[in-house]
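A structural walkthrough
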Amino acid sequence: MSNEDWLARTRAAVWHPCTQMKHLEQAPPLPIERGEGPWLIDYQGCRYLDAISSWWVNLFGHANPRINAALIDQLGRIEHTMLAGCTHAPVVKLSERLAHLSGLGHAFYGSDGASATEIALKMSFHYWRNLGHPGKSGYISLQNGYHGETLGALSVTDVALFKDVYAPLLRLSHQTVSPDWRLSEANESPRDYAERAARHLEHHLTRHAETTAAVIVEPLVQGATGMAMYHPIYLTRMRELCDRHHVHLIADEIAVGFGRTGTLFACEQAGIRPDFLCLSKGITGGYLPLSCVLTSDEIYAAFYADSTARGFLHSHSYTGNPLACRAALAVLDIFESDDVLRRNQAKAARFNELLAPIARHPRVRHLRNCGMIWAFDVIDAEPDFSARFHQQALLKGLYIRPIGNTVYFMPPYIIEQAEMNLMAEVTLEILQSL
Ligand SMILES: Cc1ncc(COP(=O)(O)O)c(C=O)c1O
């Protein structure tokens, strides 16, 4: 079967996510036959560097031998068993290790990122209800924040394109000023601007804490709206404010967890521990859908009772899937044995050097980096900038998808010098030609 055959069949049978299907007539998807490290390979044998880690999920490359081996071993034992009424070694071991790494003692599992958001929102409300405060049912999130596409997650998301159509179905929530440093005044440092944004949160909490269950935030990088980055002091202040006003802090590290921002969890850079930590994407190294909400023993204890209704009765059929948990354990093993976070620092420093010519390009603004995420904005971009950039990059062997006029890189951690060169060179060439 050729690329063209698969394209015809996908158009006829598959409804692709986040896509106006008619646009596929002009911009067909890439038919992928296999993957090898950071490379995606199509049915003609053409190779594309996966510069965005297959929607930010892949950490250690495609067809990683160590993750493959863990999964093959697990397949010989048990592929799936329900987690209500059963338990198994992979889920126990993973929960223990995540508790150790995060300082949050209990792990509740879902499948995708959005299901983790739903779980955290529901758990927070239910906690306050169990404590006799059912009026604490409101949520605060950041302007331009993104937490997923299910109705609860969309209620705290602030991306008009995804949200507006469904507005009649959604619960109102409050969006507070984003600490994105690009919004700072001239002569205002990112830190000062983050402090100013935190005062907006304070203002709202002072008035509405009694009816607020939780604040949900993407720590350090607001991904989906274009890799907006901000100073960690914002999270430190948020933690102080949440403590003072008896409101939960939900850290949505679905995109930024597992080393993306330079530390295993982004919250570490602010010296804080959230009440709920939502994880997904990189948790299985991009192998299988798994999400997890970690929470404190104190919150867990508020559900522990004789009454069934006080318990958290949420569930998904694939909760704690053993294969997904084995992949996640293999990912944690790689972090430990390969000193990944330290090696990423050296890679990031090298890539920053390679990006210097791009930073100097007259159409480039706000070149920014946080850990293994890079982004810049292109001024005077045409409305079809993203699609054209994507198509041109494909012709040069680079798989990259700008968000609006923001070009970003979020490569797997196994990229090496040659691949970094390719990302930087191809990007500069396209910038010159667009
Ligand atoms: C910060 C954040 N939260 C939640 C989600 C939703 O995750 P999923 O697409 O797995 O439902 C995403 C996805 O990009 C995300 O970036």
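Just above, that's the structure.
In short, a report on the structure.

**Re the overall build of the chain**
The secondary structure content of the chain amounts to 15 helices and 16 strands. Taken over C-alpha atoms, the radius of gyration comes to 22 Å for the chain, in line with the 22 Å a tight globule of 434 residues would show. Each principal axis of the C-alpha atoms in the chain carries an extent, and together these give about 60 × 60 × 45 Å. Residues classed as buried in the chain amount to 53% of the 434 residues present. Restricting to contacts in the chain with at least 6 residues of sequence separation, those with at least 24 account for 71%. Counting every atom, the chain has about 19500 Å² of accessible surface; 55% of that belongs to carbon and sulfur. Between the averaged position of the 38 positive side-chain charges in the chain and that of its 45 negative side-chain charges there is a distance of 1 Å.

**A word on the site of the ligand**
Neighbouring the ligand are the residues W56, D112, G113, A114, Y146, H147, G148, E218, D252, I254, A255 and K281. G113 is positioned such that a nitrogen or oxygen atom in its backbone is 2.8 Å from an oxygen atom of the ligand. Relative to its unbound accessible surface of 390 Å², the ligand loses 83% to contact with the protein. Class assignment of the residues belonging to the shell around the ligand gives a composition of 5 nonpolar, 3 polar and 4 charged.

**Looking at helix α1 (residues 3–13)**
Among all positions in α1, only N3, L7 and T10 are buried. Projected down its long axis, α1 shows its buried positions confined to an angular sector of 70°, all on one face. Across α1 from its buried face, at more than 90 degrees, point the exposed residues E4, A12 and A13.

**Re the environment of L101**
Within the fold, L101 resides in helix α4 (residues 89–102). Given a relative accessible area of 35%, L101 falls into the partly exposed group. Through-space distance from the C-alpha of L101 to that of F265 is 8.9 Å; in sequence the pair is 164 residues apart.

**Thoughts on a nonpolar patch on the surface**
Nonpolar side chains collect at one region of the surface, where L151, V165, Y166 and L169 lie side by side and expose about 420 Å² of accessible area between them. Among the structural elements, L169 can be located in the loop between α7 (160–163) and β6 (174–176).

**Regarding the packing of aromatic side chains**
Within this structure, the stated rule accounts for 15 aromatic pairs. Where W56 meets Y408, the ring centres are 6.0 Å apart and the plane angle is 90°; that geometry is what we call edge-to-face. With W56 in helix α2 (residues 53–56) and Y408 in strand β16 (residues 406–409), this pair connects stretches of sequence that are 352 residues apart. Each ring, one from Y127 and one from W128, has its centre 5.0 Å from the other, and the planes form 80°; the classification is edge-to-face. What makes W128 buried here is its relative accessible area of 9%.

**Digging into the pairing of strand β7 (residues 212–217)**
For a regular strand, side-chain orientation follows a simple rule: the groups alternate between the two sheet faces. The buried fraction of β7 amounts to 6 of the 6 residues, a majority that puts the element mostly inside the structure. In this sheet, β7 lies alongside strand β5 (residues 138–142) in parallel orientation, the contact comprising 3 bridges. Within the sheet, the bridge partner assigned to Y139 lies in β7 and is A214. Where β7 lies against strand β10 (residues 248–252), 4 bridges are found, and the strand directions are parallel. Within β10, the residue paired with I216 across the bridge is I250.

**Regarding the nonpolar core**
Note on soluble globular proteins: their nonpolar side chains tend to be buried together. Membership of the largest hydrophobic core comes to 103 residues, with the highest contact counts inside it found for L98 and F258. No other element matches the 11 residues that helix α11 (residues 322–337) contributes to this core. Non-local contacts of F258, meaning those with residues more than four positions away in its chain, are made with L59, L98, L264, F265, L279, S280, G282, I283, L332, F335 and Y413. Counting residues in each nonpolar core, the second largest holds 22 residues, with I119, V156, F276 and F303 among its members.

Conventions we followed
- Residues numbered from 1 in each chain as written.
- Predicted model: local features only at pLDDT ≥ 70, side-chain atom pairs only at ≥ 80, totals over all residues.
- Heavy atoms only, no water.
- Helix = DSSP H or I, 4+ residues; strand = E, 2+ residues; numbered from the N terminus.
- Rg over C-alpha atoms; globule rule 2.2 N^0.38 Å.
- Buried < 20%, exposed > 50% of the residue type's maximum accessible area, 1.4 Å probe, protein only.
- Contact = heavy atoms within 4.5 Å.
- Areas by Shrake-Rupley, 256 points an atom, 1.4 Å probe, with all protein chains shown as cover.
- Lys, Arg positive; Asp, Glu negative; His and termini not counted.
- Charge placed at Lys NZ, Arg CZ, Asp CG, Glu CD.
- Near = heavy atom within 4 Å.
- Polar contact = N/O pair within 3.5 Å; in protein donor to acceptor, adjacent residues only side chain to side chain.
- Nonpolar A, V, L, I, M, F, W, Y, C, P; charged D, E, K, R; others polar.
- Arc of directions from axis to C-beta.
- Patch = residues over 30% accessible without salt bridge, like charges linked within 9 Å, V, L, I, M, F, W, Y side chains within 5 Å.
- Salt bridge = Lys/Arg side-chain N within 4 Å of Asp/Glu carboxyl O.
- Phe/Tyr/Trp six-rings, centres within 6.5 Å; stacked < 30°, edge-to-face > 60°.
- Pairing = 2+ DSSP bridges.
- Core = buried A, V, L, I, M, F, W, Y, C linked by side-chain atoms within 4.5 Å.

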